[in-house]
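Chain by chain, the residues:
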Amino acid sequence: MASRLTFVQGNEACVRAALYAGLDFFAGYPITPSTEIAELMSVHLPRKGGKFMQMEDEIASICAIIGASLTGQKVMTATSGPGFSLMQEGLGYAIMAEIPCVIVDVQRGGPSTGLPTKVSQGDVNQARWGVHGDHAIIALTASNHQDVFAMTVDAFNFSETYRTPVILLFDEVVGHMRERLEIPKSGEIPLVERLKTSVREGVDYHPYLPREDGRLPMSDFGGVHRYNVTGLFHDMWGFPSENPREVHDLLRHLVDKIDSHVDEVTRYKEYYVDDAEMLLISYGASARSALHVVTDRRQHGERIGLLELQTLWPFPSALVREKTKNARYVVVVEMNMGQVLQSVKLAVGNPERIFLANRVDGVLITPADIRNILRLIQGKGV
Amino acid sequence: MAVKDYLREKFFPHIWCPGCGHGITLNGLLRAIESTGLKKNDIVMVSGIGCSSRIVGYLDFHTLHTIHGRALAFAIGVKMSRPDLTLLVPMGDGDALSIGGNHFIHACRRNIDMTAIVMNNKVYGMTGGQYSPLSGYGTMATTAPYSNIDQEFDVVSMATAAGATFVARATAYHVNQLADVLQEAIQHKGFSVVEVMTPCPTYFGRKNKEGSAVDMIEKLKTITTPIGSKAKQENASLIERGIFVKKEMPEYCTEYQKLVERAMKGS
């Protein structure tokens, strides 16, 4: 990796960013369209003394990275829809046991085996609610390779800060498309290292006693403190508990530690939003087409803008409410049946001004597709 | 070190029923650990879900109580990051071989240095007595009210076929052999499997009219025999106990270190 200027796939941008962020361990299972991530990890990780493992399935992959993370390592797995479905139980475990990890889902068409090689953004709500039980989650996305890099580093940083799994929801187009990527200089993007306990050896240690700010300074598993980790509700020693007070407090802690930091984890971009009469909201590959429409129509004098979301969960409701307040039309551009549309409707007043511009046939939504839908919304006909 | 020094007594009493063989297995395991001379800080225990998996909470090691069937996958992540630690993975028969069957055979195949202990009581105890893949044809269970038609398989044969480099069987009756076998398994460099036949009087015993807890322990004596015994030649239905496989093969973490050296040379 001599040159910092590269021409790569989105999947490779993600790999380079993970290595930049200090990835130590990757476990995965081959699946289109994420396989290049595993292939490149197998090349690059051992070169820096890290470890890559191809596991027997996606379930084993997420479990292995959780085990490695507990010992203090930075870890990642990558998959697509069917594998992401298999990972949900492990994901819930990482949430409950507060174990940092990064899970990449390069989205393809679903449900089921669906469209293995074609684009979709159909896993947005699975990322939010695929895990059973109440919980909070962080999910990030990106529309170009420089942002794939930045969001991947952010994913590791958020994961370490909040001791939680973070999902990177990319899509087939961004994953497989090649474009320019400039690798930031070492130190250019700050990296968050794991908060460690200051409790000394031999002192009664409470691994699951959060600080007042919600952060959990844990001792690396296998180190000087011996403690229990479980997916059951647990007390401050990590021992199973059904005490209603402890159950209540733990669940509130798991939700609050993320939902009360929405501003810190919200990433977005905006283009011509301030005076926009027509505001598009989009993300991932769809946002590329949306941006094309916006820059083109601006040249024709139309008051049109784009809010590009990069943090999908926790949903940045306050931001969306603020940015859409002056818009006459709000159009959500996405490649699913309206998964982000639902959240926008919940966040924004006057839901009758909110429309969907989508495509769900495995083909990237084009600027022409969006323009046609905008004309319909404006009553201009196609 | 006294056995009780390995326990987290503040989390007692344990959840196991009177007459359950899991406590005896735990005792054998602690005696084995004591014989190895390992320190408490050297040991990581990873378990899944079920009665047997609760063993980890009571022990003063680094303990990881995970999700059903996946203990070995978690253990692999820990071992790959910390090859210096000793990994022990206690599982039930359903946990290890039904929901976790795929992870089990692939862990055997990789020959990663850890010890899988299959506490086989032939039943799903925690959920109340459903048949497991090792219950066997003709047994009764809460989900086999008309007698079970599922065939069982043999843990020892399967682990051997899948490539485990140490394979043994012990019982909760033969406690000295249990401790000896576990000690050898822990000290073996590679993937070790120890099947421990252990009674569940509450569910398996009651449903199959096997009598009291004492009767069930006694039965482990009468239905088993040492490997290669004369009794086995005369009565083929006897179940052999002892060490079936012990061989040297490249160990996964050691091989991975060589791989890292190759990769670093090439880069």
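Keep in mind it's a predicted model, so treat the numbers as computed, not measured.

**Topic: the overall build of chain A**
From N to C terminus, chain A includes 14 helices and 16 strands. For 382 residues, the compact-globule estimate of 2.2 N^0.38 gives 21 Å, and the C-alpha radius of gyration of chain A, at 21 Å, lies within 12% of that figure. In chain A, which comprises 382 residues, the proportion classed as buried is 53%. A fraction of 75% describes how many contacts in chain A between residues 6 or more apart in sequence connect residues 24 or more apart.

**Re the domain arrangement of chain A**
Residue and element names in this part refer to chain A. When its domains are assigned, chain A resolves into domain 1 (5-182) and domain 2 (269-377). Distance between the C-alpha centres of domain 1 and domain 2: 26 Å. Contacts between domain 1 and domain 2 engage 26 residues on the former and 19 residues on the latter. Only strand E6 (115-119), helix H6 (124-129), strand E7 (138-140), helix H7 (145-162), strand E8 (165-171) and helix H8 (172-176) provide two or more residues apiece to the side of domain 1 that touches domain 2. No other element matches the four residues that H6 contributes to the side of domain 1 that touches domain 2.

**Some points on the confidence of the model for chain A**
Looking at chain A, pLDDT values average 96 and 99% of them are 70 or higher. When pLDDT is averaged over each helix and strand of chain A, the minimum, 96, is found for helix H14 (residues 367-377) of chain A and the maximum, 99, for E7(A).

**Comments concerning the interface of chain A and chain B**
Between chain A and chain B, the residue contacts involve 33 residues of the former and 34 residues of the latter. Counting residues per element, the ones that place at least two in the side of chain A that touches chain B are strand E2 (25-28), helix H2 (35-47), strand E3 (51-54), helix H3 (58-70), helix H5 (88-97) and strand E10 (228-230) of chain A. The dominant element in the side of chain A that touches chain B, judged by the number of residues it contributes, is H3(A), at nine residues. For E10(A) and strand E2 (residues 62-65) of chain B, the ladder comprises three bridges, and the chain directions are parallel.

**Section: the environment of B:Trp16**
All names here are of chain B. Of note, Trp-16 is situated in the segment before helix H1 (22-36). C-beta crowding within 10 Å serves as the criterion here: with 19 such atoms nearby, Trp-16 is assigned to the partly exposed category. Remark: the alpha-carbon pair of Trp-16 and Gly-125, spanning 109 residues in sequence, is separated by 9.8 Å. In this structure Trp-16 touches His-22, Gly-23 and Cys-51, once residues within four positions along its chain are discounted.

**With respect to the sheet that holds strand E11 (residues 268-271) of chain A**
All names here are of chain A. Spatially, five strands are ordered E11-E13-E12-E15-E16 in an open sheet, and the strand pairing comes out mixed. Of all the strands in the sheet, just E11 and strand E16 (354-358) have a single pairing partner and so form its edges. Within the sheet, the average angular offset between the axes of one strand and its neighbour, ignoring direction, is 20°. As defined by bridge partners, strand E12 (residues 278-282) adjoins strand E15 (residues 329-334) across five bridges and the pair is classed as parallel. In the strand pairing of E15, Ser-282 is matched with Val-333. Helix-sheet contacts for H14 involve E12, E15 and E16, and the interaxial angle to E15 is about 150°.

**Details of the environment of A:Asp275**
If you trace the backbone, A:Asp275 turns up in the loop between E11 and E12. Residues A:Asp275 and A:Ala327, spaced 52 residues apart in sequence, show a C-alpha to C-alpha distance of 8.0 Å.

**Side note on unusual backbone geometry**
Across the junction of A:Trp313 and A:Pro314, the peptide omega takes the value -5°, indicating a cis bond. Tracing the sequence through the fold places A:Pro314 in the loop between strand E14 (311-313) and helix H12 (317-323). The amide bond that connects B:Phe12 to the next residue, B:Pro13, takes the cis arrangement and shows omega of 5°. Tracing the backbone through its elements, the reader meets B:Pro13 in the segment before H1. Here A:Ser112, not a glycine, exhibits a phi torsion of approximately 55°, which is positive. Structurally, A:Ser112 can be placed in the loop between strand E5 (101-109) and E6. By the C-beta count within 10 Å, which is 8 here, A:Ser112 ends up exposed.

Definitions and cut-offs
- Residues numbered from 1 in each chain as written.
- Chains lettered and ligands numbered in written order.
- Predicted model: local features only at pLDDT ≥ 70, side-chain atom pairs only at ≥ 80, totals over all residues.
- Helix = DSSP H or I, 4+ residues; strand = E, 2+ residues; numbered from the N terminus.
- Rg over C-alpha atoms; globule rule 2.2 N^0.38 Å.
- Buried ≥ 20, exposed ≤ 12 C-beta atoms within 10 Å, placed from the backbone.
- Contact = placed C-beta atoms within 7 Å.
- Domains from an automatic or database assignment.
- pLDDT = per-residue confidence, 0-100.
- Pairing = 2+ DSSP bridges.
- Axes fitted to C-alpha atoms, helices over the stretch in contact; angles between N-to-C directions.

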